Amino acid sequence: SGSSRIRREFEATGDGRAAARARADLVDAIIAKLYQELISPSADGPKDFCLVAVGGYGRRELFPHSDIDFVFLSPDGQGQRARREAIATLARTLWDLRLRVGHSARTLKECSQLQRDNLEFNIALLDCRHLAGDAWLFSRLRDDAIPHLVGRDRDDLVRDLAEMTRQRHSKHGETVFHLEPNLKEAPGGLRDYHVAGWLTMIAEIEKGGRLAPPEELWPAGIREVAGSAFAFLAAARCFLHWRQERDDNLLTYELQDQAAKLGIGLEP
């Protein structure tokens, strides 16, 4: 019901950013209910255990068929072992609701270390957001573990992120001129917007020791231009996901015509 409402609102307004945020809010409510039923009657409990949204879900940027990524966090792993069955049931219930879930159990120490075989996890942590559980533990992740990671491994993190970006650009011909572009992965697409944001966040952590949304850090002129580009890409991606009924980001000729007829990406 909630998903249908979000889709109707998008079709009426064409606001992809609002649709992505609304879907994140809807999933938040579902997870909060499951957390209360399976793990703790109190949204703030138990001590030394919490649930953290990361990646696009952490940014409240959850497109219609995007994965829902979150982390079960504890100081030493003991809290995860004690709640292994509840954790499995929560994840399984989300899958049963036809939600694409990516989850892991991590300790604070693991979150403060560079995962050389899983850089995507370190990058996803930059967009962390508290969902439920011990808020003090989450603050240790946000204010201590992640700044410690960036402070120690900043050069490796930036170098690997740049290399991943070069490889992605090479795969798409290193050009923004595509007749049927991939709105997420091609040069000039959503992933480049995210890379610019991550590099801004890393620079801010190095300079000020704090996590902050990149949109708050960019100069007004850049923020306005980037925001307009993101709004277009978000609207087009929502359109593609709903029209294709999967996480498909290729804007084909046929779908370009359909999007244009609906006014996708046009200013209101």
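For the structure, see preceding data.
Heads up: these notes are all about the structure in this document.

**Thoughts on the pattern of salt bridges**
Taken as a whole and judged by the stated rule, the model has 24 salt bridges. Of the charged contacts, one joins Lys 33 and Glu 37 as a salt bridge, the two residues approaching to 3.2 Å between their closest N and O atoms. With Lys 33 and Glu 37 both in helix H2 (residues 16-38) and four residues apart, this pair spans about one turn of that helix. The exposed category is assigned to Lys 33, whose relative accessible area is 51%. Its relative accessible area of 52% is what places Glu 37 among the exposed residues. We note a salt bridge from Arg 92 to Glu 85, for which the minimum N-O separation is 3.8 Å. When its relative accessible area of 55% is taken as the criterion, Glu 85 is described as exposed. Each of Arg 7, Glu 11 and Glu 245 takes part in salt bridges that share partners, so that together they form one network.

**Some details on the side chain of Asp 248**
Locating Asp 248 in the fold gives a position in the loop between helix H11 (220-244) and helix H12 (253-262). A relative accessible area of 17% means that Asp 248 is categorised as buried. Among the polar contacts made by the side chain of Asp 248, one reaches the main-chain amide nitrogen of Leu 250 at a distance of 3.1 Å. Those residues in contact with Asp 248, other than ones at most four positions away along the chain, are Leu 240 and His 241.

**Some details on helix H1 (residues 2-13)**
In an α-helix, one full turn covers 3.6 residues, which means residues spaced three or four apart are oriented alike. With twelve residues, H1 should reach 16 Å at 1.5 Å per residue; the first-to-last C-alpha distance of 17 Å fits that figure. Inspection of H1 places Gly 2, Ile 6 and Phe 10 among the buried residues, and these make up the whole buried set. Along the long axis of H1, the arc covered by the buried residues comes to 75°, so they all point the same way. Opposite the buried face of H1, by more than 90 degrees, sit the exposed residues Arg 8, Glu 11 and Ala 12. On its buried face, H1 is in contact with H2 and H11. Where H1 terminates, the next one or two residues include Gly 14, which has phi positive at roughly 70°.

What counts, and where the lines are drawn
Residues numbered from 1 in each chain as written. Predicted model: local features only at pLDDT ≥ 70, side-chain atom pairs only at ≥ 80, totals over all residues. Heavy atoms only, no water. Salt bridge = Lys/Arg side-chain N within 4 Å of Asp/Glu carboxyl O. Helix = DSSP H or I, 4+ residues; strand = E, 2+ residues; numbered from the N terminus. Buried < 20%, exposed > 50% of the residue type's maximum accessible area, 1.4 Å probe, protein only. Polar contact = N/O pair within 3.5 Å; in protein donor to acceptor, adjacent residues only side chain to side chain. Contact = heavy atoms within 4.5 Å. Expected span 1.5 Å × (residues − 1). Arc of directions from axis to C-beta.

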